[in-house]
Amino acid sequence: MPEPSMLQVVLMGLITVFVALICLIIIIVILGKIMVAVTGNKASQPTPAPASAPAAPVAAPAPAAQSNNQQLVAAIAAAIAEDMGEDVDHIKILSIRRV
């Protein structure tokens with residue numbers, strides 16, 4: 001039996017790697033669709049932008065509590081920006097109400 005040439009070995013290796021990668025991509029796509037169907041996750045579907053409502057006036061906070069409010073606003077803005085996939089600079093919080 002003749003020994004395979006170096007070119008044959010390289011081609012077989014490349015073919016094997018790319019076939020394995022294509023199989024992995026197919027498996028990941030199928031599992032992703034199964035997980036979306038099972039969990040009902042609609043994160044992959046675009047959500048409509050919420051209608052902007054006029055903001056209720058906010059009472060001025062006490063001076064001692066103002067630094068805590070600034071930290072709270074920063075934390076809320078960061079959480080909203082992360083959830084929306086936007087930059088924090090694009091988020092403007094008009095009012096905060098305790099629910």
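Just so it is clear, the structure is predicted and the values come from calculations on it, not from any experiment.

A. Focus on the overall build of the protein. For the protein, the helix and strand inventory stands at two helices and zero strands. Sorting the 99 residues of the protein into buried and exposed places 3% on the buried side. Looking at the protein as shown, the accessible area adds up to about 9200 Å², and 68% of this sits on carbon and sulfur atoms.

B. Quick look at the environment of I93. By the secondary structure assignment, I93 is in the segment after α2 (63-84). Separated by 16 residues in sequence, I93 and A77 have C-alpha atoms that sit 7.0 Å apart.

C. The arrangement of helix α1 (residues 6-39) in detail. Spanning 34 residues, α1 covers 49 Å between terminal C-alpha atoms, matching the ideal 50 Å at 1.5 Å per step. In the stretch just after α1, G40 is the one whose phi turns positive, near 70°.

Parameters and conventions
Residues numbered from 1 in each chain as written. Predicted model: local features only at pLDDT ≥ 70, side-chain atom pairs only at ≥ 80, totals over all residues. Heavy atoms only, no water. Helix = DSSP H or I, 4+ residues; strand = E, 2+ residues; numbered from the N terminus. Buried < 20%, exposed > 50% of the residue type's maximum accessible area, 1.4 Å probe, protein only. Areas by Shrake-Rupley, 256 points an atom, 1.4 Å probe, with all protein chains shown as cover. Expected span 1.5 Å × (residues − 1).

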